[in-house]
Amino acid sequence: MRSSGIKKGLAGSAITALAVTGVPLMAGTANAVPLDTQVQGLTLLTGDGDAETLSFDNDGTNTTESLVAVAPSSITSITFQYRRGTTGAWQNIGGPVTRNADGAFVAEWTQPTDVRTGDTVELRAVPNTGEGNAVVQSATVVSGQPTVELGTEGNRGFFRDPIDGDGNVAVRGTTSAPTGDISVTDALNTGGTVTGLSSTRGQDGVSRFAGVLRYPANGYPFAAGTEANQAALTATAGTDEDTEASTYYLQTVRTVAVTPARTNIPEGGTTTATVTVTDQNGNPVAGANVGFTRDTNTTDQNPATDNPKVGETDANGQVTLTGLGAGTYVAYADTNSSPGYQEADVEAPSFTLGAYQQQPTTVSVAAEPNRAAYDLDELANTVFTASVDDQQGNGVAGQPVQYRWTVDPSGTGANQSTEWTSTTATTNEDGEVAIPFANPAAGGTQVPGAYTLEVRRPNVGGTGLINGQPLTFQAAESEITFAEGANANAPVNGSYTVVGRLALTGTGGANLAGRTVTITETGNGDVSFAPTAQQPNGTTVAGGTATATTDANGEFRVVLTDPPVAPNVTPTPETTVVNAVATGLQGTGDAPTADAAAQTTVSFAQQAQVGSIDVAVQSLFDGNPAPGKPVDLDITVRGQAQSGQQGAALNDVPVTVSVDKGFLSPNAETRDDLALDAENDDAGDLFGVYQDLGKDEQVSTGDAGNEAGIVATIGRDEGFDDDGRVTATITVTAGGVTETRTVTYDSRNALNVEEVELDRRGEGPATIGQDVRFNLFARDQFGNLVGDQQATISDDTPEADIRTDGEFNRTLTDFANANADVVASSQNEVVQTLTAALDVARTTVDADGDPVTATRTATADSEPITWREAVTPPEPQQPEAIVAKLTGNDNGAKRDVLKVKTRKVAAGATVKLFRVVNGKQKLVTTAKLNASGAKTFRVADKNGKKFTKYVAKVVKQSAHKGATTNVKRVR
């Protein structure tokens, strides 16, 4: 990222130095195109902002500040430096940097420990020609404001519009959060700009923007010689800027592809199609003019209707065609100075849109945002939509829809429902209609419980009632709780992570993910929120307030920091109160204990000296720990030993737990307490998929000095596949004391065997008298091999044999690289299938979220073995040479009729017909030769009574070689 404070131009001292050394000052835009010819002295590039700020906040890509400078060729290296304030010693930002491949001097600056928000810093670029030619800029460090990162380094395509001559370059980047009014400009060439861009947050949480930067005709002096065509582009978002250098190459349109949204549309309806234009390197072409032709009747002689310049491609090389009705379409990109379809334009293969008569068939309902659980106060602002679709899955307009709401209260009491609506809503042109939330509870008070929305299309004109699939979700008041409870201890002059959880009230209340929590802190000292760059993902800090987004487990985190003091200063204990509130989940009738708000007190104090740590490891299932069968860690932190007695248990001591294999999950003392993953906790799901806290987690001993707890578990690990064992090291640290424990997980004690496989060595028909060998593999629900499980092998024919390494056709399941001890053989021509069967336990989630175990027989069939007598393979036949001939008659303005004829041996071969234009072959269509080795083509005439050249190619098959016909001219 780059801030506006580092402004384009020369410092006064640098201008004086240039005059003294005889370097001419910049007189205007240079005619040459390398960056070292576009400036007349050392220049720091950012754009035209005046805020004089810089930021180390995460810009969606990194947390560094991009330092970019350009200079004439006489300067070969630059050292970037900084200092706090306007006096003091300069400090190097790395070593000297040389000009990169894009012609700029670039360094990424990580925030130094002595630079904080609110500081004024000076930046200096010192060239190899001496400090007298240095450029100095002053800026203020800010945080909590929009930041931007431009992703245009390296080669960028430059497309010159052949119609109006403007130049087009695709630009893209990231921002700290969804932001509007983003602009990108060429810092050195007048006119190259794009404004009004906006970034949107993707599913990965990163906010991205893209656009097309345009130069007016001849606005960029593109040179066709060997010199690099370079540019320095600056992106601006608010007061933040980022400048990156690029090298342009001239794009030539090479391909045009089109993807219709659908190919079969309702009668009288329309659809869209996405056109993608790419260049000679396969990269998107931005700013290309796109048009299309439409032919509503391909059997007549009327020409297709041309629709020129319907749009220009975006940064992805795409444009969307809209309002497309039934017909045959050809999309094209203009490649010459006249708009509209011409032979020289690059076109996509044609596509046809058919039409059909709609019949309503299904009704569905959806919610936006779509969630499994809601706070009751969210329901009024949730958009519920019913859809009526036809036999093709397209919406049907003008359809009546009825609905009703039902609630199954969480406590006692019968279900309560609204009446089916007597007046019907009607679907719009997309087949959708909004359904308002209606409280089904008597008395007008919303109650917690399971809410269901039912929808249906009534019987219209005897066409029948169509019931929709109901939508069900949980709703209740919500609450915030803190992992530490009402009080937490933290190390003085250190940092501490506050962990909160937003969930529905009640035992096992559903997590509320994706909600915004506002967090403030008030204390009697200098404790504050750490800057955004030091906060966990999903948390930002601005103006002393933290904003967090809850994760899939409904959790949010914010880091507090107590600044360090000098070694000779006695640390001062401090206390701060952290308040968290999900404002959007608060209503006027909320109870104080369920108002989506809470607070905790964090005390930063000198920690008692830790003498020892007790770590007890307990398996939560019978037998050895295994994938899906975790261990519980109970951790006691003790003070220094006194008089030969072990130290007393310490309360509220932060404890860090880490594992090198597997992951950590919330504390559980029994298997019923285990926290299941939110996507795997429904009744009937396989038990054993737990909430993933990662490999490192901080817990704390309790307020009364009791144990801290956490669960260690494991899922998929390739280490199980050779012998079934994986050993994990657990490291526990508190107050500078570290204890380690090892846990060996054994997949042979699998919680669930999910898959059995008879894996054959070799493939194809088997020869009578030989052996066909199989490995028997079993895998658990995570994909780990589960060996040493007893199985029985059988087959389906008495005319073949099986044998194993155990009695009565029994064997054990294998690990990787084991011998194949299941053997099939036969003395007869027969098809044989082997079956493996083994009895395994199956543990699933019951209605209360607890594990319930039953037994089942897991089976697997082998691929059928076809036993045959040994045969001597025939000598391979060489493909025959063929001759193909192309004939045709002059037809005037009617369709050109051409016939390809060759030998019958080529029946079924692919034949491609090409139009020859200026010596180049352009594919017209592809077909198959008939049983006689012939194919007749009928091609729309595109040049009236003028001659058109055609040639055809027959693609080779195993029985024959390929062939190219003669060139045929017809008109």
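About the thresholds
- Residues numbered from 1 in each chain as written.
- Predicted model: local features only at pLDDT ≥ 70, side-chain atom pairs only at ≥ 80, totals over all residues.
- Heavy atoms only, no water.
- Patch = residues over 30% accessible without salt bridge, like charges linked within 9 Å, V, L, I, M, F, W, Y side chains within 5 Å.
- Areas by Shrake-Rupley, 256 points an atom, 1.4 Å probe, with all protein chains shown as cover.
- Salt bridge = Lys/Arg side-chain N within 4 Å of Asp/Glu carboxyl O.
- Lys, Arg positive; Asp, Glu negative; His and termini not counted.
- Charge placed at Lys NZ, Arg CZ, Asp CG, Glu CD.
- Helix = DSSP H or I, 4+ residues; strand = E, 2+ residues; numbered from the N terminus.
- Buried < 20%, exposed > 50% of the residue type's maximum accessible area, 1.4 Å probe, protein only.
- Contact = heavy atoms within 4.5 Å.
- Phe/Tyr/Trp six-rings, centres within 6.5 Å; stacked < 30°, edge-to-face > 60°.
- Lys NZ or Arg CZ within 6 Å of the ring centre and 35° of its normal.
- Pairing = 2+ DSSP bridges.
- Axes fitted to C-alpha atoms, helices over the stretch in contact; angles between N-to-C directions.

Enquirer: Give me a negative patch on the surface: which residues, what numbers.
Expert: A surface patch of negative charge is lined by E669, D672, D673, E707 and D848. Its place among the elements puts D848 in the loop between β65 (834-845) and β66 (851-861). With a relative accessible area of 65%, D848 lands in the exposed category.

Enquirer: How would you summarise the environment of S337 if you had to cite specific residues and measurements?
Expert: As for its position among the elements, S337 is in the loop between β26 (327-333) and β27 (346-347). Owing to a relative accessible area of 53%, S337 belongs among the exposed residues under this scheme. C-alpha separation for the pair S337 and R501, spaced 164 residues apart in sequence, amounts to 62 Å. With residues up to four places along the chain from it excluded, the contact list for S337 reads P162 and I163.

Enquirer: Residues and numbers for the packing of aromatic side chains, please.
Expert: Under the definition given, this model contains 22 aromatic pairs. Considering the side-chain rings of Y82 and W109, the 5.1 Å spacing of their centres and the 45 degrees angle between planes classify their relative orientation as tilted. Residue Y82 is found in strand β5 (residues 77-84), and its partner W109 is found in strand β8 (residues 105-110); the two are separated by 27 residues along the sequence. Here the two residues Y82 and W109 agree in accessibility, since each one is buried. A centroid spacing of 5.0 Å and a plane angle of 70 degrees characterise the contact between W405 and F437, whose relative ring orientation is edge-to-face. Of this pair, W405 sits in strand β32 (residues 400-409) while F437 sits in the loop between β35 (432-435) and β36 (449-457); the two residues are 32 residues apart in sequence, bridging distant segments of the chain. Residue classification places F437 among the partly exposed positions, given a relative accessible area of 21%. A cation over an aromatic ring shows up here: R456 above the ring of W420, its NZ or CZ 3.9 Å from the ring centre.

Enquirer: Outline the sheet that holds strand β51 (residues 654-659), supporting the account with residue identities and numerical values.
Expert: On the basis of which strands lie adjacent, the open sheet formed by 4 strands has the order β53-β51-β55-β56 and antiparallel pairing. In this open sheet, the two strands that pair with only one neighbour each are β53 (696-700) and β56 (737-746). Looking at each pair of strands side by side, their axes are set apart by 20 degrees on average, direction ignored. Bridge analysis of β51 against β53 gives 5 bridges, and the strand direction is antiparallel. Looking at β53, one finds that T656 is bridged to Q698.

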